[in-house]
Amino acid sequence: MLKCTSTLVRSLAVGAAAVLALGVATPSALAYSGAFQHTQSVGNRGADVAAVQHLLRQHGQATAVDGVFSADTATAVKAFQQTKSLPVDGIVGPKTWAALAVQVREGDTGEAVSALQAQLNAKRKLSLKVTGTFDAATKQAVTSFQSHAGIGADGVAGPITWENLVWHFDYPDFAAGLCDKDPDGNGTANWGTASTIAQLEAAARGFASTNQGKIPLGDVSFEHGGAINGHSSHRVGMDVDIWPIRTDSKQCSAGRITWESSTYDRAATRQLVKAIKAAAPGHVKVVWFNDPVLIREGLTQPLVNHSNHLHVRYCAKTHPSSLYTC
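What you see is a predicted model; the values in this text were computed from it and never measured. (Residues numbered from 1 in each chain as written. Predicted model: local features only at pLDDT ≥ 70, side-chain atom pairs only at ≥ 80, totals over all residues. Heavy atoms only, no water.)

Caption draft 1: Structural view of the overall build of the chain. Within the chain one finds 10 helices and five strands. Out of the 326 residues belonging to the chain, those deemed buried represent 55%. Put simply, of all contacts in the chain between residues at least 6 apart along the chain, 61% involve residues at least 24 apart. By element, 53% of the accessible surface of the chain is carried by carbon and sulfur atoms, the whole surface being about 12,800 Å². With 28 positive and 25 negative side-chain charges, the chain shows a spacing of 4 Å between the two charge centroids. (Helix = DSSP H or I, 4+ residues; strand = E, 2+ residues; numbered from the N terminus. Buried < 20%, exposed > 50% of the residue type's maximum accessible area, 1.4 Å probe, protein only. Contact = heavy atoms within 4.5 Å. Areas by Shrake-Rupley, 256 points an atom, 1.4 Å probe, with all protein chains shown as cover. Lys, Arg positive; Asp, Glu negative; His and termini not counted. Charge placed at Lys NZ, Arg CZ, Asp CG, Glu CD.)

Quick look at the structure:
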C-alpha cells in the first residue's frame, strides 16, 4: 500500500520505539524483539482467547472454549484473579497471563495441554489434534517452536515458551472469505496478532453472507513483526490493509479501484466497515479511508494516500504503544 504522511511516520516511529522499550518485561527470556503477551478483554477473539479459556478451565473456572471473549469469560477471569490476589478487572494482561500459564510436558493431560496444542496450531500453522494429552507429536511441535524462537529446545512448555508462543503472530484462514493481494511485493505479509487475525476472519465471514465477493487482504505484518516495505506502520500485527468493494464483486480478480472509480460500490464497502467493527466491538481504533460519505457517517477517517484501500487499526486495553490502546 502507499506510504502514510510524515506526521504519522514520526508518530509510528515513536510507537515502535515504545514497543521495543516497554514490551519486554524479561529480555533474556524472550527471543523476539519487543515481544510481550497480548492483552485480552471483552470483544477480543482468536487463539489467544481460546488459550485463556482453556487455562481458566485448568484452574477450575467454568467457561466455554469458543475463542470469543464474552462477558461470561470476563466473569471467569475475575474469579480467577481473585483467587490469585490479582487486580480484579476481567482483563488478561501480563500478570494474569503469568498466573494462568501452567508448565506441561510429555505425558501430562488437561486443559493446559489443549491450550498449548491450539496455540501451536494457530501460531505454527499445524494440525495437531487438540486432545489435552501431551503426546510425542505435541512434544515435537513444542521443540520445533522453541528452535524457531531461539529458546531452549527441551520440549517442555514452561513460562518462557508460553510467553513467546502467546506473543507469536497468527496467520489468516483465507477460506474465511479473504483473498491475498500483495501490491508492495511483501509476499505473505499476512501475519498479525491472534486477535487481529480472528477479528478479521469474523468480519470476512460476516461480509461473505452478503454475497458480494471476498475481502481482498493487503499487508498486515511479517511473521515476527518489524520493518515492512511500503509502510511506516504494520510492524506490530494490528494494522490491516484491505481493498474497497466493487460493483461487480470482482475485487479479488480485477484491478484495484479508488472511492472515485465508477465500479466502486459504496453500499457494499459501508457493509464491510460495519462488519469489521461488529466483529471486534471496542477493539477497532480507526478505519482510514477517504470516501467523504463514509467519513461524514463516522465510519472512516481521512488520511492522505488512503483513497484506494482501507487501513484498519485494531487496539487493546493495554499496549506498549499508545497508538494501539483502545
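There's plenty left to go through after this.
Caption draft 2: Focus on the state of the cysteines. Tallied over the entire structure, the rule returns two disulfides. Two residues, C179 and C252, share a disulfide whose sulfurs are 1.9 Å apart. Taking the sign of the S-S torsion, about -85° here, the bridge from C179 to C252 comes out left-handed. Of this pair, C179 sits in strand β1 (residues 178-180) while C252 sits in the loop between β3 (239-242) and α9 (266-278), and the two are 73 residues apart along the sequence. Look at C252 and you get partly exposed, because its relative accessible area is 24%. Between the sulfur atoms of C315 and its disulfide partner C326 the distance amounts to 2.1 Å. On the sign convention where negative is left-handed, the bridge of C315 and C326, at about 105° about the S-S bond, is right-handed. Remark: C326 occurs in the segment after β5 (310-314) and C315 occurs in the segment after β5; sequence separation between them is 11 residues. Judged by its relative accessible area of 4%, C315 is buried. Disulfide partners in the chain, listed by the sequence order of the bonded cysteines, are 1-2, 3-4. (Disulfide = S-S within 2.5 Å.)

Caption draft 3: View of the packing of aromatic side chains. One pass over the structure, following the stated rule, counts four aromatic pairs. In textbook terms, an aromatic cluster arises when at least three aromatic residues are bridged by ring pairs, as seen for Y171, F174 and W191. The ring of Y171 carries the charged tip of K125 above its face, separated from the ring centre by 4.2 Å. (Phe/Tyr/Trp six-rings, centres within 6.5 Å; stacked < 30°, edge-to-face > 60°. Lys NZ or Arg CZ within 6 Å of the ring centre and 35° of its normal.)

Caption draft 4: Seen up close, the nonpolar core. Within the largest apolar cluster, 37 residues are counted, with the highest numbers of intra-cluster contacts made by L116 and L120. Taken together, the elements giving at least two residues each to this core come down to α2 (47-58), α3 (71-83), α4 (94-100), α5 (111-124), α6 (136-149) and α7 (159-167). Beyond its immediate chain neighbours, meaning those up to four positions away, L116 contacts V104, F134, T138, V142, A157, W162 and L165. (Core = buried A, V, L, I, M, F, W, Y, C linked by side-chain atoms within 4.5 Å.)

Caption draft 5: Quick look at the environment of Y314. Of note, Y314 is situated in strand β5. Separated by 32 residues in the primary sequence, Y314 and G282 place their C-alpha atoms 9.1 Å from one another. Here Y314 is in contact with T196, Q199, L200, M238, V240, I276, A280, H283, V284, K285 and Y324, once residues within four sequence places are set aside.

Caption draft 6: Expanded view of the packing of α6 against α7. The contact between α6 and α7 brings their axes to 11 Å, and the two run at 75°. The orientation of α6 relative to α7 falls into the category roughly perpendicular. The segment α6 lies against α7, with V142, F145 and Q146 engaging T161, N164 and L165. When its residues are assigned to classes, the contact of α6 with α7 shows three nonpolar, three polar and no charged. (Axes fitted to C-alpha atoms, helices over the stretch in contact; angles between N-to-C directions. Parallel < 35°, antiparallel > 145°, perpendicular 65-115°, else oblique. Nonpolar A, V, L, I, M, F, W, Y, C, P; charged D, E, K, R; others polar.)

Caption draft 7: Local environment of the pairing of strand β4 (residues 284-288). Counting buried residues along β4, four of its five residues qualify, which places the element largely inside the surrounding structure. Two strands pair when backbone bridges link them, and β4 and β5 are joined in this way by four bridges, in the antiparallel orientation. Looking at the pairing, V284 lines up with Y314 of β5. (Pairing = 2+ DSSP bridges.)

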